[in-house]
Amino acid sequence: MHILNLIRWKNLLMIAIVQLLIKYALFQPFLETTNLTITLNGFGFGLLVLSTLCIAAAGNIINDIYDVDTDIINRPKKIIVGSKISEKTAYILFVIFNVIGVLIGFYLSNLVGRSGFFAIFVIISALLYVYATYLKPTLLLGNLVISILVALSILIVGLFELIPVITTQNQATQLTFFKILLDYALFAFLINLVREIVKDLIDVDGDYKAGMNTLPIAIGRSRASKVAFAILLLPLFGSIYYVATYLYKYELFIGYFIIFIIAPLIYSGVRTFNAKSKKDYVHISNMLKLVMLFGMLSLVLYPIVLK
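Thresholds, definitions, all that
All chains use their own residue numbering, which begins from 1 and follows the written sequence. In view of the model being predicted, local features appear only for residues whose pLDDT reaches at least 70, and side-chain atom pairs are presented and counted only at 80 or more, with totals across whole chains, interfaces and linings using the full set of residues. Side-chain figures throughout are based on the complete set of non-hydrogen atoms in the structure, without hydrogens or water. The way it works is that DSSP assigns letters per residue, a run of H or I at least four long becomes a helix, a run of E at least two long becomes a strand, and they are numbered from the N terminus. Two things to know: the radius of gyration comes from C-alpha atoms, and the globule rule equals 2.2 Å times the number of residues to the power 0.38. When a residue's accessible area, from a 1.4 Å probe over protein chains only, is under 20% of the maximum for its type it is buried; when over 50% it is exposed; and in between it is partly exposed. Residue contacts are defined here by distance: any two heavy atoms, one from each residue, within 4.5 Å place the two residues in contact. Computed with the Shrake-Rupley method and a 1.4 Å probe, the accessible areas treat only the protein chains shown as cover for residues. Charge assignment in this entry is limited to Lys and Arg as positive and Asp and Glu as negative, and neither His nor the chain termini are counted. Charge positions are represented by NZ for Lys, CZ for Arg, CG for Asp and CD for Glu. Here a helix's expected span is defined as the number of its residues, less one, multiplied by 1.5 Å. By convention a nonpolar core is built from buried Ala, Val, Leu, Ile, Met, Phe, Trp, Tyr and Cys residues, the set being connected through side-chain atoms within 4.5 Å. Working definition: a ring pair exists when centres of Phe, Tyr or Trp rings (six-membered ring for Trp) sit within 6.5 Å. Plane angles under 30 degrees give stacked, over 60 give edge-to-face, the rest tilted. One speaks of a salt bridge when a side-chain nitrogen belonging to Lys or Arg is within 4 Å of a carboxyl oxygen belonging to Asp or Glu. Each axis is a line fitted through C-alpha atoms, taken for helices only over the stretch in contact, and angles between the N-to-C directions span 0 to 180 degrees. With respect to orientation, any angle under 35 degrees is reported as roughly parallel, any angle over 145 as roughly antiparallel, any angle of 65 to 115 as roughly perpendicular, and every other angle as oblique. Crossing handedness is read from the near helix: turned anticlockwise from the far helix by less than a right angle, it gives a left-handed crossing, and turned clockwise, a right-handed one. Asp, Glu, Lys and Arg are counted as charged, while Ala, Val, Leu, Ile, Met, Phe, Trp, Tyr, Cys and Pro are counted as nonpolar; the rest, among them Gly, fall into the polar class. Think of a patch as exposed residues, more than 30% relative accessible area, with no salt bridge, where like charges cluster within 9 Å and nonpolar side chains (Val, Leu, Ile, Met, Phe, Trp, Tyr) cluster within 5 Å.

A. Molecular detail of the overall build of the protein chain. Regarding its fold elements, the protein chain presents 14 helices and zero strands. Start at the N end of the protein chain and walk to the C end: the helices and strands fall as α-α-α-α-α-α-α-α-α-α-α-α-α-α. Its C-alpha radius of gyration of 20 Å places the protein chain within 12% of the 19 Å reference for a compact globule of 307 residues. Across its three principal axes, the protein chain shows a C-alpha extent of roughly 60 × 45 × 30 Å. Counting over 307 residues, the protein chain shows a buried share of 51%. Considering only intrachain contacts with a sequence separation of at least 6, the fraction spanning at least 24 residues in the protein chain is 76%. Element-wise, carbon and sulfur atoms account for 68% of the exposed surface of the protein chain, whose accessible area totals about 14600 Å². Side-chain charges in the protein chain split into 24 positive and 15 negative, and the spacing between the mean points of these groups amounts to 4 Å.

The structure is reproduced here in structure tokens:
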């Protein structure tokens, strides 16, 4: 159980669910009704998910290893490395997960005939290490990097499923579905970026004592909250625009987005603008995680409404 908590199994489960939804809710139902073509069979796709989860797990482990000093202050009851699991064991697990993830990525890249895609796995693995060791304490840069990697966990499905089999005949369809993924990836990037700032607001005391230079430390809690609020307006207005432009004919989509995405975003924005205490920021972070989940679950609606 300690290892599951170390690798953040709930976050990994969410990544797996999103990738499965892309495959089986967004792509698979439209194979017969459109000229959409995908690359991976069930086994190959399972390897893609496993590779993603292994590299993400390794990133969570190395992040915990380097966060021990701040976690002693910010969340002393949740410390795993050095308490429940030794630092040496954590490093061994970090290496094992990374090696498995990157090797599977190498195999998959050659399987789809795009050997250059192997670099994606190496870059993601390296960025997660660099984030934990160097970038996390820097002003916004760490927040941006980790949010880009979250978005990439969505786009990587399109890269492996759509790009290798693109032809002049199916190019328009392939790019249409890839554009849908881009929209969801942008949504995930923005929501996660706000969450990263909110988490910095939660951890500001420990981060300050550790000599970090996060946004709340650099400009203060109040201004950082306003920055988070301003960024939160982007996915809010983006979701409204997306529904009004592409999905306005489908009542199910409209109702779902209003209830599960737009309304919670408005609520989160108001709470962020007025937040004062650590408890407020924890609540906002949890709300944003739910918004992210419901945003990804909306993929289930595509085969119901559009098929």
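That covers the picture; the talk isn't over yet.
B. Helix α5 (residues 87-111), seen in detail. Its 25 residues place the ends of α5 36 Å apart at the C-alpha level, agreeing with the 36 Å of an ideal helix rising 1.5 Å per residue. Residues A90, L93, F94, F97, N98, G101, V102, I104, G105, L108 and S109 constitute the buried set of α5. Check the buried side of α5 and you find it contacts α1 (2-6), α3 (42-66), α6 (118-135) and α7 (141-161). Directly beyond the C-terminal end of α5, a positive phi value near 75° is found at G113.

C. Representation of the environment of S115. Within the secondary structure, S115 sits in the loop between α5 and α6. Those residues in contact with S115 that lie beyond four places of it in its chain are S109 and N110.

D. Structural context of the nonpolar core. In terms of nonpolar packing, the biggest core is built from 101 residues, with F27, L48, I61, F160, F257 and Y302 touching the most fellow members. The greatest single-element share of this core, amounting to 17 residues, is contributed by helix α8 (residues 171-202).

E. Summary view of the packing of aromatic side chains. Evaluation of the coordinates by the stated rule reveals 17 aromatic pairs. Their ring planes at 65° and their centres at 5.0 Å tell us that F229 and F273 sit as a pair that is edge-to-face. A residue pair is termed long-range when its members are at least 10 positions apart, and F229 in helix α11 (residues 221-246) and F273 in helix α12 (residues 251-274) qualify at 44 residues. We classify F229 as partly exposed; its relative accessible area is 23%. Judged by its relative accessible area of 37%, F273 is partly exposed. Between F260 and F294, the aromatic rings sit 4.9 Å apart at their centres with planes inclined by 35°, giving tilted as the arrangement.

F. Representation of the side chain of R195 in the model. Within the secondary structure, R195 sits in helix α8. In this structure, R195 is buried with no salt-bridge partner, the nearest side chain bearing the opposite charge being E196 at 5.7 Å. In this structure R195 touches S285, L288 and K289, once residues within four positions along its chain are discounted.

G. Summary view of the side chain of S239. One can find S239 in helix α11. Apart from residues lying up to four places away in sequence, S239 is in contact with F187, F257, I261, I262 and L265.

H. Geometry of unusual backbone geometry. Phi at R8 takes a positive value of approximately 60°, unusual for a residue other than glycine. Topologically, R8 is positioned in the loop between α1 and α2 (9-27). Accessibility expressed as a relative area gives 30% for R8, which makes it partly exposed. For L140, which is not glycine, the phi dihedral falls at a positive 65°. Position of L140 relative to the elements: it lies in the loop between α6 and α7.

I. The arrangement of the environment of I62 in detail. Relative to the helices and strands, I62 is located in helix α3. For I62, the residues in contact, after removing those within four places along its chain, are Y91, F94, L128, Y129 and A132.

J. Fine view of the packing of α3 against α5. In the contact formed by α3 and α5, the axes pass within 8 Å of each other and the chain directions differ by 150°. One way to sum up the angle between α3 and α5 is to call them roughly antiparallel. At the point where α3 passes α5, the crossing takes the left-handed sense. Taken together, the residues of the contact of α3 with α5 break down into 22 nonpolar, five polar and one charged.

K. Quick peek at a nonpolar patch on the surface. A grouping of M1, L4, W9, L13 and I17 is seen on the molecular surface, where their side chains present a nonpolar patch of about 470 Å² in accessible area. The element contributing the most residues to the nonpolar patch is α2, with three residues. For L13, the position within the fold is in helix α2. The exposure class of L13 is partly exposed, given its relative accessible area of 45%.

Interpretation note: all reported values are geometric properties and have no functional meaning in isolation.
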